Amino acid sequence: MCIRDRDNGKDLGVQFINVAHESTAAISAGTYGLIKGSAGLALAVKGVGAANLVGGIANAYFERLPVICVCESTPTYSYENEMVQHTDHSKMMGSLTKGMGTISTDNPAKTIKDSYKLASSGIEGPVLIDFPSDIGLADVEESSFSSKESNTSKLDNFSINKISELINNSKKPLVIVGDGVRKDNSINELINFISKINAAVLSSMKARGVYKENNSNWLGVMTDFNENLNTHTGSIISKADLIINIGVDQMMTHSPWPKGKKKIIELISNQRKTISNDPAMICDGNLKEILNALSGTVSSGGWKDSEFEEINNRLSNRFSRPEKAKFTAHDIFEICKEMMPENSNIYTETGAHIRLMEQTWKFDEPLKFFGTSGGRTMGLMIPSFIGGVLATDNNTPSIGIGADGSTLMRLGEFETINRSKIKWPLVIINDGALGTMKYRQGFRGYEDYGLDLTLVDFAETAKSCGLNGEKVDNPEEFKNALSNLSVPAAQALQQHLTPSVKNAMVELLGGQVAEILKDIGPDQPTVSIPVSVIATVYPADNIEQSIKMMEDDFKSRGQQDIPSAPQGGLGGAPMTDAPQTNVPPMPTA
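Residues numbered from 1 in each chain as written. Predicted model: local features only at pLDDT ≥ 70, side-chain atom pairs only at ≥ 80, totals over all residues. Heavy atoms only, no water.

Colleague: Give me the lowdown on the pairing of strand E6 (residues 200–204), citing residues and values where you can.
Modeller: Burial of E6 is extensive: 5 of the 5 residues sit out of reach of the surface. Pairing between strand E5 (residues 173–177) and E6: 4 bridges, direction parallel. If you follow isoleucine 176 over to E6, its bridge partner there is leucine 202. Bridge count for E6 against strand E7 (residues 218–222) is 4 bridges, and the pairing is parallel. Of the residues in E7, the one forming a bridge with leucine 202 is glycine 220. (Buried < 20%, exposed > 50% of the residue type's maximum accessible area, 1.4 Å probe, protein only. Helix = DSSP H or I, 4+ residues; strand = E, 2+ residues; numbered from the N terminus. Pairing = 2+ DSSP bridges.)

Below, the structure is given as structure tokens:
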């Protein structure tokens, strides 16, 4: 990025985040845009800078991240010439972008606004804008420009009737939920529709949490079409007599769906292609309207809970912790789930741990899990973590979980994390190998060759960049490491009700508190407890004495500043001997 552009941006109050590599810029900006509901902005110089950006653009394309990538370019009049730092950006990036434009003197505002709309609408993705190096000195002509939304599509009643007929004749409908449901604000309509037909549910890789994954009818994350009875997805697909894909992006499969295997309905919105190759019916339009229309006309006996239980029980050993193992990914996930507040954002990427995480770490809200989907590749987590934390102003509890191979690709960003004052932790699973490939190598009977890595001390690397860093090799050490909070992180997390806080309060004040705490969000610093509960736990002649007894009790345990007003309430700093402050420290390796 040229110095002149930075100066102009500074005058407008734009905050620039310098990163170690241009590909990080695209991924971080894309995650930032996804969380903000717009598009992020990544800048690069021409030539090698633009070429380095291509890797990040590819990640943004495959992960469906909305980002505007602005590259300095050679003046238009000499674009075909070869010279220092010049290359044809359209040839390099054309297949990986939703669109490309060039800033000119003719209404540049329209080019920029159109690009933002394109990047963040429909199936999100990267858009490239070339910025000729001589344009900053030119006079431009601006005309009044306003974005106009035009959606003239009407509900296709013929398709609705045909789809209703297929569903009503189905005995085992399976709904696969895509991220299009979230983007069309149709989550409630989805829930109602699924309840009408008692459907089994899978989520696409991009749609974690769009449908509540703790529901008994949610069976897992769909990564391809398979009928393998040794997997949750294969077991449910094999028994289904109808598959209903709702807002599922074609990118969300490892391999092409076969033809002629199942009856398939595709409900889509703003996408050109369907994930299945021979759907019986397609309905294209606003998913909220489509689902509302269908919910009034469909019903099915559907599945029984016992069928879901049979699949889960039969396959439970596939994801169980190895009994004799010293330290496993299972331990890391369970300890993180215990210690992190319920509203935490989780950032991860591909690795030997990803299938375990997809099946055992469940999410009941969208945009809480940020993993790899269409890219299914390494090097994603750290840039995504940076962009996501910055998008939430460093306030939403967050954790990045990755592996050594991917981290080696992004070591330079440890310095970015420190300079950006990001206070949330990174956990690096370090086994000294490219674990996923090593597993496949062994599974296929190949010789163990070429996939071992140097066992890098990431904790020391983090310290050299000004971060905290701890190395652990068993669950107890890991739990203790996550308890060593930096001051900023500790202060932030005192404002969050973690599961451990809730459990400690229920244990102290009794079962009546459980119902009160059940639906309270994790970011509420104060919990109102009815005086009847306090009086039951601390019996006295009057409520004032009960509250005084509670206050003395809490102070004896290390709790301070308990409000003494008769209406009650538990606030202030957490108890020092309770596990609620056992949450991750400054970024750690």
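Colleague: Run through the packing of aromatic side chains, naming residues and quoting values.
Modeller: By the definition in use, this model includes 9 aromatic pairs. Seen from their ring centres, phenylalanine 333 and tryptophan 361 are 5.7 Å apart, and the 55° between their planes marks the pair as tilted. With a gap of 28 residues between them, phenylalanine 333 in helix H12 (residues 329–339) and tryptophan 361 in the loop between helix H13 (354–360) and strand E12 (369–370) connect regions that are remote in the sequence. Residue tryptophan 361 is classed as buried on the basis of its relative accessible area, which comes to 6%. Consider the rings of tyrosine 347 and phenylalanine 385, whose centres lie 5.9 Å apart with planes at 85°: the pair is edge-to-face. Of this pair, tyrosine 347 sits in strand E11 (residues 345–347) while phenylalanine 385 sits in helix H14 (residues 381–391), and the two are 38 residues apart along the sequence. (Phe/Tyr/Trp six-rings, centres within 6.5 Å; stacked < 30°, edge-to-face > 60°.)

Colleague: Go over the sheet that holds E7 with me, naming the residues and quoting the values.
Modeller: With parallel pairing, 6 strands are arranged side by side in an open sheet as E7-E6-E5-E8-E9-E10. Two strands bound the open sheet, and with one partner strand each, they are E7 and strand E10 (281–284). Here the strands of the sheet are splayed against their neighbours by 20° on average, with no regard to which way each runs. Strands strand E8 (242–246), strand E9 (264–268) and E10 of the sheet are contacted by helix H6 (residues 157–168), whose axis makes an angle of about 135° with E10. On top of the sheet, helix H8 (residues 187–197) reaches E5, E6 and E8; it is set at about 165° to E5, its chief contact. (Axes fitted to C-alpha atoms, helices over the stretch in contact; angles between N-to-C directions. Contact = heavy atoms within 4.5 Å.)

Taken by themselves, the reported measurements are silent on function.
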